[in-house]
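Residue strings, one per chain:
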Amino acid sequence: MRRIANTIDRMSTLFASNTEAYRADLDTLAERMQFAIDGGRNRQRSIDRHHGRGKVLVRDRIDMVTDEGSPFLELSTLAGFGQEDNEFPGAGIVTGIGVVHGVPWMFIANDATVKGGSLFPAGIKKHVRAQDIALENGLGCLYLVDSGGAFLPMQDEVFPDRDHFGGTFYRQARMSAAGLPQLSVVLGGCTAGGAYVPALSDEVIMVEGIGRIFLGGPPIVKAALGEVVAPDDLGGAALHTRQSGVSDYMVQTEAEAYGLLRELCENTNKRTIDERQGWLDWVEPEAPAYPAEDILGIINEDTRIPYDARQVIARLVDDSRFAEFKPEWGNSIVVGFTRIWGHQVGVIANNGIIFSEDALKATHFIELCNQRSVPLLFLQNTTGYMVGRDSEVGGIAKNGAKMVAAVSNAQVPKFTVLIGGSYGAGNYGMCGRGFDPRFLFAWPNSRIATMAADTAETVLTDIRLGGMKGAETTDEQIAEIRSTIRAQYEEQSDPYYATSRLWDDGLISPLDTRDALGMCLALAARQDAPVTGDRIVYRM
Ligand code: COA
């Protein structure tokens with residue numbers, strides 16, 4: 001496989017100014033990540049109270065369970081960001097993939113310093129998404145439970161619907177039946193919805209003095225039955241481990257609980273992160289030939305200036321080697337075989353607007369990967385499919401649809417990273433959220449919407465004025481319409497707006513992307529070959 005030649009001039013003023021702008025973006029990302037960890041109104045008070053009760057903070061808990069020095073792929077850290085006056089930093093829950101005795105597990109851990117670990121809509125979505133990732137990737141789940149259940153003031157948005165609280169229990173029961181262990185440690189007052197997580201687990205550990213499980217807490221019991229009962233007498237560790245049998249083990253400290261949890265994990269006999277099923281081709285990994293830091297200077301701050309996606313690929317893949325398919329045809333899509341952390345992968349990356357030829361080339365390549373059991377990585381940076389009469393005559397609608405159909409039916413694991421624009425049907429053809437990539441990450445410079453704010457401003461203003469059917473409109477009124485539309489599109493296409501709503505699995509830095517993808521590919525490699533049935537390759 002040939003190495004991609006470097007065409008980047010690191011001494012240029014454009015490279016320097018891009019790097020400076022991107023570093024500012026990364027500072028903003030780091031600040032907002034920190035806010036999810038310990039920010040928010042009265043958060044310090046909650047953290048102090050948590051510590052005052054001798055309890056460990058949520059990320060430290062995960063650290064105490066995972067293998068020393070092992071990676072942890074945290075998901076959707078900024079879920080809920082900017083919503084509900086930022087009252088739910090991190091959506092009150094931490095999810096991610098960590099390694100215990102060499103085996104990857106999905107961690108689902110409540111953050112009791114955010115509204116008592118109760119879940120508002122983005123929190124429940126994050127919980128459900130973590131379970132779906134676990135199921136698809138064959139991961140057992142470790143629940144570190146410290147939750148007041150549903151966030152009651154918004155009960156209509158977290159309780160009754162399909163993917164609400166009930167959906168988490170449904171998933172738990174189904175995963176257990178599918179042989180994916182569900183283990184819980186109870187570390188706080190787990191009430192109602194919070195109680196069913198341990199109750200539905202295969203094995204449960206309770207920490208005496210802090211862990212409690214009850215369907216109704218002391219205030220409800222008093223109101224309903226007139227019984228006055230202390231929390232530990234109603235649902236403490238001793239009661240549940242020695243009397244009711246809701247819990248299987250009781251320990252005195254969190255440290256003991258995590259030691260025991262590691263022992264339970266050891267007895268579940270799952271495949272380690274290094275065990276491959278043989279269907280995914282793997283060789284010893286090599287670092288890229290060029291530094292990932294270059295990406296910060298390659299991505300133009302002014303999105304109207306294009307750059308060559310090959311230069312980004314060269315900074316993500318092993319030894320920057322890339323076997324490009326159809327390099328002379330369909331220039332605004334780049335496709336080819338390469339390796340990331342030793343795992344073979346087929347990359348599809350945009351170099352701008354998608355024309356008919358590009359759509360057909362991508363379709364052909366998706367079929368090749370499907371035929372050969374090679375996972376697919378989509379690097380999205382497109383304003384969408386080409387419009388205009390020439391394009392329509394050339395059949396862009398059917399050619400784009402072929403690409404969408406091929407993406408939908410590819411049975412190999414798919415991964416998507418939004419490295420720039422993700423607009424219109426380009427989002428679909430390039431395996432957006434609706435097309436079930438196993439993981440979808442976004443860079444902080446990305447944008448996602450039906451169309452760019454510039455275009456929306458023109459299109460929607462014309463529609464609005466057309467609807468007024470000749471009614472008198474002043475220049476000021478038109479300017480007002482324009483600026484309202486632009487502001488709406490700019491706000492809603494912002495990557496923080498997107499990640500807050502879990503349209504992705506997290507914003508990540510270009511500098512961490514290779515490692516994150518390496519972990520995702522390693523998870524897929526532990527599973528049996530997914531491809532069955534039709535593997536036809538049609539020449540496009
Ligand atoms: N819905 C809404 N808010 C909740 C909540 C819930 N289910 N559970 C906790 N909170 C909020 C509290 O109002 C408080 O908010 P504030 O910081 O703005 O004052 C914050 O979480 C911390 O709660 P607090 O009771 O002070 O903390 P605690 O550590 O002493 O107790 C719980 C935590 C979870 C044991 C306790 O809050 C509780 O029992 N909550 C009610 C649980 C319940 O009935 N759930 C039914 C779900 S179907």
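Heads up: the structure comes first, above all this text.
Definitions and cut-offs
- Residues numbered from 1 in each chain as written.
- Predicted model: local features only at pLDDT ≥ 70, side-chain atom pairs only at ≥ 80, totals over all residues.
- Heavy atoms only, no water.
- Helix = DSSP H or I, 4+ residues; strand = E, 2+ residues; numbered from the N terminus.
- Expected span 1.5 Å × (residues − 1).
- Buried < 20%, exposed > 50% of the residue type's maximum accessible area, 1.4 Å probe, protein only.
- Pairing = 2+ DSSP bridges.
- Axes fitted to C-alpha atoms, helices over the stretch in contact; angles between N-to-C directions.
- Salt bridge = Lys/Arg side-chain N within 4 Å of Asp/Glu carboxyl O.
- Core = buried A, V, L, I, M, F, W, Y, C linked by side-chain atoms within 4.5 Å.
- Contact = heavy atoms within 4.5 Å.
- Phe/Tyr/Trp six-rings, centres within 6.5 Å; stacked < 30°, edge-to-face > 60°.
- Lys NZ or Arg CZ within 6 Å of the ring centre and 35° of its normal.
- Parallel < 35°, antiparallel > 145°, perpendicular 65-115°, else oblique.
- Left-handed = near helix turned anticlockwise from the far one by under 90°.
- Nonpolar A, V, L, I, M, F, W, Y, C, P; charged D, E, K, R; others polar.

Draft legend 1. How the structure looks around helix α4 (residues 121-137). Look at α4: 24 Å from first C-alpha to last across 17 residues, which is about the 24 Å you get at 1.5 Å a residue. Of all 17 residues in α4, 13 are buried; the element is thus mostly enclosed. The positive-phi residue at the C-terminal boundary of α4 is glycine 138, with phi of around 65°.

Draft legend 2. Examining the sheet that holds strand β4 (residues 140-145) more closely. A sheet is described by the order of its strands in space; here seven strands give the open sequence β1-β2-β3-β4-β5-β7-β9, paired in mixed fashion. The sheet is open, and its two borders are formed by β1 (73-75) and β9 (249-251), each paired with just one other strand. Sheet twist, expressed as the mean angle between neighbouring strand axes with direction ignored, is 20°. As paired elements, β4 and strand β5 (residues 182-186) share five bridges and run parallel to each other.

Draft legend 3. Representation of the pattern of salt bridges within the structure. Inspection of every chain in the model, using the stated rule, returns 27 salt bridges. For arginine 486, the salt bridge goes to aspartate 454, with nearest N and O atoms at 2.2 Å. Taken as a pair, arginine 486 in helix α18 (residues 475-492) and aspartate 454 in helix α17 (residues 453-467) lie far apart in primary sequence, 32 residues in all. A relative accessible area of 25% places arginine 486 in the partly exposed class. Of the charged contacts in the structure, one is a salt bridge between arginine 486 and glutamate 457, with a shortest N-O distance of 2.4 Å. Separated by 29 residues along the polypeptide, arginine 486 in helix α18 and glutamate 457 in helix α17 bring together distant segments of the chain. A relative accessible area of 15% places glutamate 457 in the buried class. By sharing partners, the salt bridges in this structure join Asp454, Glu457, Arg482, Arg486 and Glu490 into a single network.

Draft legend 4. Molecular detail of the nonpolar core. Core analysis: the largest hydrophobic core is formed by 83 residues, its most contacted members being Ile97, Met106, Ile313, Leu377, Leu379, Phe439 and Trp443. Ignoring sequence-local partners within four residues, the contact set of methionine 106 consists of Leu75, Gly96, Ile97, Ala130, Ile133, Ala134, Leu139, Gly140, Cys141 and Leu142. Of all hydrophobic cores here, the second largest spans 25 residues; its members include Val335, Ile348, Ala359 and Val412.

Draft legend 5. Region of interest: the environment of glycine 245. With respect to the helices, strands and loops of the structure, glycine 245 is situated in the loop between α9 (237-244) and β9. It is 49 Å that separates the C-alpha atoms of glycine 245 and isoleucine 448, two residues lying 203 residues apart in sequence.

Draft legend 6. How the structure looks around the packing of aromatic side chains. The tally for this structure, following the rule as stated, stands at 13 aromatic pairs. An aromatic cluster of three or more residues is present, and its members are Phe35, Phe81 and Tyr496. Seen from the ring of tryptophan 341, arginine 514 lies directly overhead, with NZ or CZ sitting 5.1 Å from the centre.

Draft legend 7. Highlighting the pairing of strand β11 (residues 333-340). With eight of eight residues buried, β11 lies mostly within the body of the structure. In β11, alternate side chains face the same way, and those of Ile333, Val335, Phe337 and Arg339 on one face and Val334, Gly336, Thr338 and Ile340 on the other are all buried. For strand β10 (residues 323-325) and β11, the ladder comprises three bridges, and the chain directions are antiparallel. Within the sheet, the bridge partner assigned to phenylalanine 325 lies in β11 and is valine 335. Relative to strand β12 (residues 343-350), β11 is paired through eight bridges, and the arrangement is antiparallel. Bridge pairing links glycine 336 to valine 347 in β12. Once β11 ends, the chain turns through two residues before running back antiparallel as β12, passing tryptophan 341 with a positive phi of about 50°.

Draft legend 8. Geometry of the packing of helix α3 (residues 58-65) against helix α10 (residues 254-266). It is at 9 Å that the axes of α3 and α10 come closest, and there the two elements cross at 45°. On the basis of the axis angle, α3 is oblique to α10. Read as a crossing pair, α3 and α10 show a hand that is right-handed. Where α3 approaches α10, its residues Arg61, Met64 and Val65 are matched on the opposing element by Glu254, Ala255, Tyr258, Leu261 and Arg262. Its residues placed into classes, the contact of α3 with α10 shows five nonpolar, no polar and three charged.

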